[in-house]
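# Reading the structure
The primary structure of each chain is shown beneath.
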Amino acid sequence: MPDIVITSAELNNAHIDEIVNLERSLSRSDARFVDDVPTPFYLNPVFYYALASFLGVLLVWLGLEPFIDDNSEGIPIPFVSDYLLFGPVAAGLGLAAGVVYGVVNRNFGQAAICGIIGLGVGLGATVISTVVADIVFSITLNLAAGIQGGAGQIPDEGFPFRGVAFFILMCGRGLAWCLVSMGAGLGLGVALKSKKLILNGLAGSMVGGLLGGLLFDPVSRFLCSTADDGALSRGIGITAIGILVGLFVGLFENISKDAWFVMLQGPLAGKQFVIFKSPMVLGSAPKCDVYLFKDPAIDPKHATVSKNGSRYLLSDGGSPNGTSVNGRRMDKHVLQPGDVIALGDTVLRYQERARG
């Protein structure tokens, strides 16, 4: 058998490098060799948003409670006292959601930016929502008092509501907390410039606030009746808001997702990356929407995913190592459910909700 001779011209031929890179892509991205990876519970948004929100509001409550005096008549301007409580709570929730989003993605610069914006949006939005919530609660409180036969009195003054009046009080507080919590979930969507995440955050925070408000009065009556002041009741109510807001923000993210990637191979194997805007950039730069770190074969802006009618178009950004789909190197590809995408040593599977 004659010897195989490779000339220096052939060795330096760019076409040879392209063939070698293609072979590497084929071996990395063939779906037959890449199994599905279950999502660890700690990478599920329901878990990490709920935990982060709980910790965020717990710290807020611990910081505020020493300065709250239940025997004080409060600040004369009606909504200010409530804002001084719910403003920081919404800010803490916005901060927690933004920070945990970046931390889970191992993008600490993003965590700082999203957290700061979440905090600011929570503080700002709650200025308006507190005024509206106070008006709503005042109306329902007077209605409950009128039904009970003691208009002008409130539970803190020794006027325990019962029956229908108590139910109306619960509903009024639930609606008020629903309104006052609405700003808590907006920050992440604002920071990432995503209408979808804004809607998810709005829906999740309002549902969480509603349920937290509905629970407040039963908890206060049946679990905290022996407390000398409202500290325990406030603590339970505020932390309940935190857990429920985080829980429902995560639930709405899971329920509303239309298309997403699952990392099959890489440092966050099992994590889902929801496609929440168009275009979305995938790459090794921290500012990318899908941050693929610890992979030297991935360019800063390696590829993009953009809406193309009812489908999503994956486009390579001209990276030297390229992007392959199902074992073939592609410049552009209309994604189909189950497609396996290889970028460097990172492997993703594209999934989408079944179309009716």
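To be clear, the structure that these remarks concern was listed above.
So, a few notes on the structure that sits alongside this text. (Residues numbered from 1 in each chain as written. Predicted model: local features only at pLDDT ≥ 70, side-chain atom pairs only at ≥ 80, totals over all residues. Heavy atoms only, no water.)

### Things to note about the overall build of the protein
Along the backbone of the protein there are 9 helices and 11 strands. Per-residue burial for the protein yields a buried fraction of 49% across its 356 residues. As presented, the protein carries roughly 17,700 Å² of accessible surface, and 65% of it is formed by carbon and sulfur atoms. (Helix = DSSP H or I, 4+ residues; strand = E, 2+ residues; numbered from the N terminus. Buried < 20%, exposed > 50% of the residue type's maximum accessible area, 1.4 Å probe, protein only. Areas by Shrake-Rupley, 256 points an atom, 1.4 Å probe, with all protein chains shown as cover.)

### Quick look at the packing of aromatic side chains
Applying the stated criterion across every chain, the model contains 7 aromatic pairs. Seen in terms of ring centroids, Phe41 and Phe47 are 5.1 Å apart; in terms of plane orientation they differ by 75 degrees. Their pairing is edge-to-face. When the ring centre of Trp260 is taken as origin, the NZ or CZ atom of Lys257, which lies over that ring, is 4.4 Å away. Its end group placed over the ring of Phe273, Lys271 keeps NZ or CZ at 4.6 Å from the ring centre. (Phe/Tyr/Trp six-rings, centres within 6.5 Å; stacked < 30°, edge-to-face > 60°. Lys NZ or Arg CZ within 6 Å of the ring centre and 35° of its normal.)

### Comments concerning the sheet that holds strand E11 (residues 346–352)
In space, the 6 strands of this open sheet follow the order E2-E1-E11-E10-E7-E8, with antiparallel pairing throughout. Looking along the sheet, the strands with just one partner apiece sit at the ends: strand E2 (272–274) and strand E8 (328–330). Recorded for the sheet is a direction-independent mean angle of 30 degrees between the axes of neighbouring strands. In this structure, strand E7 (residues 323–325) lies alongside strand E10 (residues 340–343), joined through 3 bridges in antiparallel fashion. Across the sheet, the residue bridging to Val325 is Ile341, located in E10. (Pairing = 2+ DSSP bridges. Axes fitted to C-alpha atoms, helices over the stretch in contact; angles between N-to-C directions.)

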